[in-house]
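# Summary of structural features
So the chains spell out like this:
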Amino acid sequence: MIALGCDHGGYELMQEVIMHLEKRGIEYKNFGTYSKESCDYPEFAQAVAHAVTDGVCEKGILICGTGIGISIAANKVPGIRAALCHDCFSAKATREHNNANILAMGGRVVGAGLALDIVDLFLDTPFSEDERHIRRIEKIEA
Ligand code: RB5
């Protein structure tokens with residue numbers, strides 16, 4: 001189950017992500033926002049972050065205008081490793097190296113084509129399980 005959250009700046013791109021997940025048969029839980037009306041990104045970041053840390057969802061995807069505010073907010077929740085990615089290399093590397101559990105993107109930064117490739121890499125790339133990466137992740141939480 002993938003937790004989804006966005007603000008008004010990420011709303012349109014999130015609709016593309018939702019259609020893509022449906023095409024792929026991937027289950028999701030949408031924490032909003034549900035329209036283009038102006039709203040506050042920390043609320044959606046926190047809802048998605050807690051769904052992940054509570055174990056309700058295995059990963060999350062967050063989208064605001066830049067991806068910056070919503071990733072900063074999500075990363076305040078202990079246990080969350082939210083990665084702001086606007087390229088495929090970073091999306092793959094953050095799963096392999098950081099075991100990122102939330103992908104953040106900016107709806108005003110990337111087009112849907114690239115964003116959906118980034119989503120696929122984020123969802124399909126396993127954590128490397130390398131000792132050095134485990135050690136570094138543990139140091140983040142310390
Ligand atoms: C909203 O205008 C915008 O500030 C927000 O979507 C995001 O980019 C914040 O980091």
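Residues numbered from 1 in each chain as written. Predicted model: local features only at pLDDT ≥ 70, side-chain atom pairs only at ≥ 80, totals over all residues. Heavy atoms only, no water.

In this section: the side chain of T125. Within the secondary structure, T125 is located in the loop between helix 5 (112–124) and helix 6 (131–141). With relative accessibility at 8%, the residue T125 sits in the buried group. Of the polar contacts made by the side chain of T125, one reaches the backbone oxygen of L121; its length is 2.6 Å. For T125, the contacting residues outside a window of four places in its chain are K92, R95 and E96. (Helix = DSSP H or I, 4+ residues; strand = E, 2+ residues; numbered from the N terminus. Buried < 20%, exposed > 50% of the residue type's maximum accessible area, 1.4 Å probe, protein only. Polar contact = N/O pair within 3.5 Å; in protein donor to acceptor, adjacent residues only side chain to side chain. Contact = heavy atoms within 4.5 Å.)

Another point: the sheet that holds strand 1 (residues 2–6). Taken in spatial order, the 5 strands line up as 2-1-3-5-4 in an open sheet, and their pairing is parallel. One side of each edge strand has no neighbouring strand; the edge strands of this open sheet are strand 2 (28–30) and strand 4 (82–84). In this sheet, neighbouring strand axes are inclined to one another by 20° on average, regardless of whether the strands run parallel or antiparallel. The sheet contact formed by strand 1 and strand 3 (residues 59–64) spans 5 bridges and is parallel. Bridge assignment links I2 to a residue of strand 3, and that residue is K59. (Pairing = 2+ DSSP bridges. Axes fitted to C-alpha atoms, helices over the stretch in contact; angles between N-to-C directions.)

Among all positions of helix 4 (residues 88–98), only A91, A93, T94 and R95 are buried. Buried residues along helix 4 sit against strand 3, strand 4 and helix 5. Of the residues one or two after helix 4, N99 is the one with positive phi, at around 45°.

A few words on the site of the ligand. Close contacts around the ligand come from D7, H8, Y41, C64, G65, T66, G69 and R108, and that covers them all. Measuring from an oxygen atom of the ligand, one finds a side-chain N or O atom of D7 at 2.6 Å. Take G65: an N or O atom from its main chain is 2.7 Å from an oxygen atom of the ligand. The protein chains hide 71% of the 290 Å² of surface that the ligand would expose on its own. For the shell around the ligand, a count of residues per class yields 2 nonpolar, 4 polar and 2 charged. (Near = heavy atom within 4 Å. Areas by Shrake-Rupley, 256 points an atom, 1.4 Å probe, with all protein chains shown as cover. Nonpolar A, V, L, I, M, F, W, Y, C, P; charged D, E, K, R; others polar.)

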